[in-house]
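What follows is each chain in one-letter form.
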Amino acid sequence: MTDTEALIAAARTAARNAHAPYSRFAVGAALRMTDGSVITGANFENASYGLSLCAETVAVATASAQGRLGEIAEVAVIGGMMVDGVATGDVPVRPCGRCRQVLNEAAQIGRRDLRVFCAGAEGDAVEEHRLSELLPHAFGPADLGL
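Residues numbered from 1 in each chain as written. Predicted model: local features only at pLDDT ≥ 70, side-chain atom pairs only at ≥ 80, totals over all residues. Heavy atoms only, no water.

Visitor: Outline the layout of surface pockets, listing residues and values.
Guide: Rolled over the atoms, a probe sized like a water molecule indicates the empty space that remains. Taken as a whole, the largest pocket holds about 200 Å³ of empty space. Lining of the largest pocket is provided by 17 residues; of these, Phe25, Val27, Asn43, Glu45 and Cys54 occupy positions nearest its centre. (1 Å grid on protein atoms, 1.4 Å probe; cavity = no way out; pocket = protein on both sides within 12 Å on 5 of 7 lines; lining within 4 Å. Points joined across faces, edges and corners; volume = space filled by probe spheres on them.)

Structure (structure tokens):
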């Protein structure tokens, strides 16, 4: 298994823990840190929809809580409709706009253009993007002199 396949597999495993009773759409994210370790997250919905958290945001917040925000090197995101509690589907899922902005914060702090791998809950289709392609002309810490 390649490093990319392992990162996508970690995101798929994380999606099993998604709390998505409203949308029934599970998302898992996995961050590869500069030392090769992996931090994961799953989406967490709330009855007050605006309080829901995306998988990528959960993973980035976990990295930040560990003092590792600037160490994120790569990201894998997967998602799919839940059937009998399991994420399904082979269409690649991309980070939403909010998550692209959250990832940009980490990318600018770490001074790197993150590789973002997008896949479905199942299947072999994988898209590879640079965060700068997904969020061109991004606003971030650098714009505030940080």
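Visitor: Before we move on, can you summarise the side chain of Asn104 with the specific residues and values?
Guide: With respect to the helices and strands, Asn104 occurs in helix α3 (residues 97–110). Setting aside residues up to four positions removed in sequence, Asn104 forms contacts with Leu131, Leu135, Ala138, Phe139 and Gly140. (Helix = DSSP H or I, 4+ residues; strand = E, 2+ residues; numbered from the N terminus. Contact = heavy atoms within 4.5 Å.)

Visitor: Which residues make up the packing of helix α2 (residues 55–65) against α3, and what values do they have?
Guide: Between α2 and α3, the least distance of the axes is 9 Å, while the angle of their chain directions is 20°. Classified by the angle between their axes, α2 and α3 sit roughly parallel to one another. The way α2 lies across α3 gives a crossing that is left-handed. Side by side, α2 and α3 meet where Glu56, Thr57 and Val60 of the first sit next to Arg98, Cys99, Val102 and Leu103 of the second. Its residues placed into classes, the contact of α2 with α3 shows four nonpolar, one polar and two charged. (Axes fitted to C-alpha atoms, helices over the stretch in contact; angles between N-to-C directions. Parallel < 35°, antiparallel > 145°, perpendicular 65-115°, else oblique. Left-handed = near helix turned anticlockwise from the far one by under 90°. Nonpolar A, V, L, I, M, F, W, Y, C, P; charged D, E, K, R; others polar.)

Visitor: Break down the pairing of strand β2 (residues 38–42) for me, citing the residues and quoting the values.
Guide: Every regular strand shows the same layout, with side chains that alternate between the two sheet faces. As defined by bridge partners, strand β1 (residues 25–33) adjoins β2 across five bridges and the pair is classed as antiparallel. Counted as the bridge partner of Arg32 is Val38 from β2. In this structure, the hairpin formed by β1 and β2 is closed by a connection of four residues, where Gly36 is found at a positive phi of approximately 95°. (Pairing = 2+ DSSP bridges.)

Visitor: Go over the pattern of salt bridges with me, naming the residues and quoting the values.
Guide: Counting across every chain of the model gives six salt bridges. The shortest N-O distance in the salt bridge between Asp35 and Arg68 comes to 3.1 Å. Of this pair, Asp35 sits in the loop between β1 and β2 while Arg68 sits in the loop between α2 and β3 (72–83), and the two are 33 residues apart along the sequence. Under the relative-accessibility criterion, Asp35 is labelled exposed at 55%. (Salt bridge = Lys/Arg side-chain N within 4 Å of Asp/Glu carboxyl O. Buried < 20%, exposed > 50% of the residue type's maximum accessible area, 1.4 Å probe, protein only.)

Visitor: Let's hear about unusual backbone geometry: which residues, and what values?
Guide: Of note, the phi angle at Arg24 is positive, near 60°, even though the residue is not glycine. Summarising the element assignment, Arg24 is placed in the loop between α1 (3–15) and β1. Residue Arg24 is classed as partly exposed on the basis of its relative accessible area, which comes to 34%. In this structure, Arg111 takes a positive phi of about 55° despite not being glycine. Position of Arg111 relative to the elements: it lies in the loop between α3 and β5 (115–120).

Visitor: Explain the nonpolar core to me, using residue names and the numbers behind them.
Guide: Membership of the largest hydrophobic core comes to 22 residues, with the highest contact counts inside it found for Leu31, Ile72, Val75, Leu103 and Leu114. Elements represented by at least two residues in this core include exactly β1, α2, β3, α3, β5 and α4 (131–134). When residues no more than four places from it in sequence are discounted, the contact partners of Leu114 are Ile72, Ala73, Val75, Leu103, Ala107, His129, Arg130 and Leu131. By size, the runner-up hydrophobic cluster in this structure holds 17 residues, among which are Ala11, Ala18, Ala20 and Ala119. (Core = buried A, V, L, I, M, F, W, Y, C linked by side-chain atoms within 4.5 Å.)

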